[in-house]
Amino acid sequence: MWTNRQTDGDGYDRLRSAFERLSGTRITTNIKADGEEITEGFGLINEWRIVRQTKSGQMSEIKVTLSDWLFKMVEGRSVLTLHRDYFRLRKPLERRIYELARKHCGAQEKWSISVETLQKKTGASSHLRVFRSMLRDLVAHDHLPDYAVEMNGDTVTFRNREALDTVEAIEAEPERPYIDPEGFHDAKSVAPGYDVYALYDQWVSWWIDSGRPELKSPRAAFIGFCRNKHKTAPLR
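Please read all numbers here as calculations on a predicted model, not as lab measurements. (Residues numbered from 1 in each chain as written. Predicted model: local features only at pLDDT ≥ 70, side-chain atom pairs only at ≥ 80, totals over all residues. Heavy atoms only, no water.)

Participant: What is the right way to read helix H3 (residues 92-104) from this model?
Facilitator: Think of an α-helix as 3.6 residues a turn; residues three or four steps apart then line up on the same face. The terminal C-alpha atoms of H3 lie 18 Å apart, and with 13 residues this matches the ideal 18 Å at 1.5 Å per residue to within 8%. Where H3 is concerned, the buried positions are Glu94, Arg95, Ile97, Tyr98, Leu100, Ala101 and Arg102. Positive backbone phi, at 55°, marks glycine 106, one or two positions downstream of H3. (Helix = DSSP H or I, 4+ residues; strand = E, 2+ residues; numbered from the N terminus. Expected span 1.5 Å × (residues − 1). Buried < 20%, exposed > 50% of the residue type's maximum accessible area, 1.4 Å probe, protein only.)

Structure, rendered in structure tokens:
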């Protein structure tokens, strides 16, 4: 699945629990106008439906009906999108930190915040010393989707990876075809086990040696190169 979750019986149980929680989540709003106050309550989703095979327990179809309020928020682009690798983050605190970065940094080049304030925003109950240690691990592993994390004393800075990649590509070698983070993610899917960044360098060298032909879609060309590499010499 897109969320990197299982589609077997255990995945079904977890998804069902999630839908039940969402169905039970209620929102109440009030609007005052012309001497009247209108109070309205609604849920996040109206109904859900899962179809699965009775023998294997495998899910084959999922249908979710959003509430009118949530649907309008999506239509109006008032809901933040999440990188698909968000669902690969196994620690709740890492997910919360990504959510904060997505909200406050968004498409900006960077966003800075103090360690203490970040801890309060995450709701982490651990000692500040433990929270700092977790942040240092996050910086060292550099696996947060969309954003690179830096620590400088008591300041944590989130930098937009796409903006960084664009700047680095322009400064280092303007003619190198640009591949966005989603493109590298797709490359990993078609060439499991390979270092896709090393494959990118190989592909660029091949492209330069070929006379720099025009690329209608650099992303598609690069993914095709990775797919052929895996087909010729699979590592997994």
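Participant: Explanation requested: the packing of H3 against helix H4 (residues 115-122) in the structure shown.
Facilitator: Think of two packed helices as two axes; the pair is described by the angle between the axes and how far apart they sit. Their axes nearest at 10 Å, the elements H3 and H4 cross at an angle of 110°. Here H4 runs roughly perpendicular to H3, going by the angle between their axes. For the pair H3 and H4, contact is made by Leu93, Arg96, Ile97, Leu100 and His104 and by Leu118, Lys121 and Thr122, respectively. Here the contact of H3 with H4 is composed, by residue class, of 4 nonpolar, 2 polar and 2 charged. (Axes fitted to C-alpha atoms, helices over the stretch in contact; angles between N-to-C directions. Parallel < 35°, antiparallel > 145°, perpendicular 65-115°, else oblique. Contact = heavy atoms within 4.5 Å. Nonpolar A, V, L, I, M, F, W, Y, C, P; charged D, E, K, R; others polar.)

Participant: So what exactly am I meant to see when it comes to the pairing of strand E7 (residues 155-160) here?
Facilitator: Here is the key point about a regular strand: its side chains alternate between the two faces of the sheet. Of the strand pairs in this sheet, strand E5 (residues 110-114) and E7 are connected by 5 bridges, and their pairing is antiparallel. When the sheet's bridge partners are listed, isoleucine 113 is paired in E7 with valine 156. In terms of strand pairing, strand E6 (residues 147-152) meets E7 through 6 bridges, oriented antiparallel. Across the sheet, valine 149 pairs through a bridge with phenylalanine 158, a residue of E7. Taken together, E6 and the strand that follows it, E7, pair antiparallel across an intervening segment of 2 residues, in which glycine 153 is found at a positive phi of about 70°. (Pairing = 2+ DSSP bridges.)

Participant: Can you walk me through the pattern of salt bridges in this structure?
Facilitator: In a structure, side chains of opposite charge can pair up when their charged atoms sit close to one another. Inspection of the entire model under this criterion finds 12 salt bridges. Linking glutamate 61 and arginine 49 is a salt bridge whose minimum nitrogen-to-oxygen distance equals 3.1 Å. With glutamate 61 in strand E4 (residues 59-66) and arginine 49 in strand E3 (residues 45-52), this pair connects stretches of sequence that are 12 residues apart. A salt bridge links lysine 120 to glutamate 116, with the nearest nitrogen and oxygen atoms 3.9 Å apart. (Salt bridge = Lys/Arg side-chain N within 4 Å of Asp/Glu carboxyl O.)

As far as function goes, none of this settles anything; it's purely spatial.
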